[in-house]
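If you want the building blocks of each chain, they are given just below.
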Amino acid sequence: MDLHRYGPGLVAVFVGGTSGIGESTARAFARYALSPCIYLIGRSKEQASKITQKIREDNQLADVRFLNKDVSCLRAVDEVCREIQASEKEVNLLFLSTGISKGGEETQEGLDKKLSLHYYSRMRFIANLIPQLAAGSERLSRVVSVLGAGGESPLILEDLPLERNYSMRNCANHAITMTSLAMEVLARAHPSTSFIHTYPGVVNTNLTRDMGTVTHMGAKALLSLACRWIVPFQESGQRHLYISTSKEYLPLSALPIPSPKHDGVDLGTAAAYLLDHRGFPRQNLKLLQEYHATGTSKKVWKHTVDMFAKVGGDKPEPK
């Protein structure tokens, strides 16, 4: 994979980069990029140290920086972004893959931790780093959120934060569907950046580490039964590197008009890319078209901005 065409010094931010798909993609990125600057954001200094060593073995010119934060809190997201902004004028790749398997635990800011990591925190990173992403658009400007594209389901519109209707299923549905809708709004508001929501397939990561012992063992057993469908860890990183850097996924401003299409999907109603682990389009098109037609996308983004303000720190709504 040739990333040399972008020149030296690409800046990539991997939120959740100390484990799982974030780790495998960061390592793949480091192997192919020229003198990259890589930010790994996570909670484990020990794990970050191991990954940093491996990255430097693959690319001695890689500048790897670890920022130790629990980014389930939006104020912590702001702190991380300020640190990045103090050093970087541009960001070329923002890769978001944080997550936990259990739900029902609140953050210090009163948000459900799972919903925050899977949705609110990720959107906060995007909102904060938009100026740096725009500055990188002459070479590469891309946001990738790894979650569940194609699994969009009806939202409980009167309770988007799930304060009255919380369940693991509802949490997953809301995070996935709000991500797809928000990415559309962001892509239209910031057309020089590519916004991508992916479904990674079944990847044997360490996401079950926070489960109880019995649940953890059950999840491991299910993974072993599903081995024929599992995407290998390193392969997932390679595939997500392609999605993150390929010229195939151009930003809206670089697409031909009118009626741009990607593999038959009309981007007139799909400004963001919703992809499976192979990079093929994957979305609940009927539901998303209905939500676009009824203005639900904008309602979701307004709700997101309102939640930002609620925990202290407003960000303007894309126009």
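Residues numbered from 1 in each chain as written. Predicted model: local features only at pLDDT ≥ 70, side-chain atom pairs only at ≥ 80, totals over all residues. Heavy atoms only, no water.

- Going by what an unreviewed UniProt entry lists, the protein chain is known as Short-chain dehydrogenase/reductase and is assigned to Aspergillus chevalieri.

1. Thoughts on the sheet that holds strand 2 (residues 37-42)
Here's step 1: Read across the open sheet, the seven strands follow the order 3-2-1-4-5-6-11; overall the sheet is parallel. This sheet does not close on itself; its edge strands, each paired only once, are strand 3 (63-68) and strand 11 (273-275). Adjacent strand axes in the sheet meet at a mean angle of 15 degrees, parallel and antiparallel pairs treated alike.
Here's step 2: Across five bridges, the pairing between strand 5 (residues 142-146) and strand 6 (residues 194-198) is parallel. Bridge pairing in strand 6 places Val144 opposite Ile196.
Here's step 3: Contacts from helix 1 (residues 20-32) reach strand 1 (11-15), strand 2, strand 4 (93-96) and strand 5, with the element oriented near 165 degrees to strand 1.
Here's step 4: On the sheet, helix 5 (residues 168-189) packs against strand 5, strand 6 and strand 11 and is oriented at approximately 170 degrees with respect to strand 6. (Pairing = 2+ DSSP bridges. Helix = DSSP H or I, 4+ residues; strand = E, 2+ residues; numbered from the N terminus. Axes fitted to C-alpha atoms, helices over the stretch in contact; angles between N-to-C directions. Contact = heavy atoms within 4.5 Å.)

2. Brief notes about the side chain of Thr296
Here's step 1: Among the structural elements, Thr296 can be located in helix 9 (residues 296-310).
Here's step 2: If near-sequence neighbours (up to four positions away) are discounted, Thr296 is found in contact with Leu155, Leu157, Leu181 and Tyr291.

3. Focus: the nonpolar core
Here's step 1: Counting 59 residues, the largest nonpolar core has Ile41, Ile84, Leu94, Tyr119, Phe125, Ile126 and Phe195 as its most contacted members.
Here's step 2: Counting only elements with at least two residues in this core, the list comes to strand 1, strand 2, helix 3 (74-87), strand 4, helix 4 (113-135), helix 5, helix 8 (285-293) and helix 9.
Here's step 3: Ranked by the residues each element gives to this core, the list is headed by helix 4, at eleven residues.
Here's step 4: Sequence-distant contacts of Phe195, defined by excluding residues within four places in its chain, comprise Ile126, Ile130, Val143, Met183, Leu186, Ala187, His190, Ala272 and Tyr273.
Here's step 5: If you look at the next biggest cluster of nonpolar residues, it comprises 31 residues, including Ala28, Ala33, Leu93 and Tyr249. (Core = buried A, V, L, I, M, F, W, Y, C linked by side-chain atoms within 4.5 Å. Buried < 20%, exposed > 50% of the residue type's maximum accessible area, 1.4 Å probe, protein only.)

4. Thoughts on helix 4
Here's step 1: With 23 residues, helix 4 should reach 33 Å at 1.5 Å per residue; the first-to-last C-alpha distance of 31 Å fits that figure.
Here's step 2: Bending of helix 4 peaks at approximately 60 degrees at the position of Leu129, with proline Pro131 no more than four residues after it.
Here's step 3: In terms of burial, helix 4 is a largely internal element, 20 of the 23 residues being buried.
Here's step 4: Its side-chain oxygen 3.2 Å from the backbone nitrogen of Lys114, Asp112 forms the N-cap of helix 4. (Expected span 1.5 Å × (residues − 1). Bend = angle between axes of the 7 residues up to and from the residue. Polar contact = N/O pair within 3.5 Å; in protein donor to acceptor, adjacent residues only side chain to side chain.)

5. Focus: the pairing of strand 2
Here's step 1: A large share of strand 2 lies buried, amounting to six of its six residues.
Here's step 2: Here strand 2 shows no split at all, with Cys37, Tyr39 and Ile41 on one side and Ile38, Leu40 and Gly42 on the other all buried.
Here's step 3: By the bridge criterion, five bridges tie strand 1 to strand 2 in an arrangement that is parallel. Residue pairing for strand 2: Val11 is matched across the bridge by Cys37.
Here's step 4: A crossover connection joins strand 1 to the parallel strand 2 through helix 1; in handedness this β-α-β unit is right-handed.
Here's step 5: Sheet topology note: the strand 2/strand 3 ladder contains six bridges and is parallel. When the bridges of strand 3 are listed, Ile41 appears paired with Leu67.
Here's step 6: You can see the chain leave strand 2, run along helix 2 (residues 45-58) and come back into strand 3, and the turn it takes is right-handed. (Right-handed = clockwise from strand over helix to strand, strands pointing away.)

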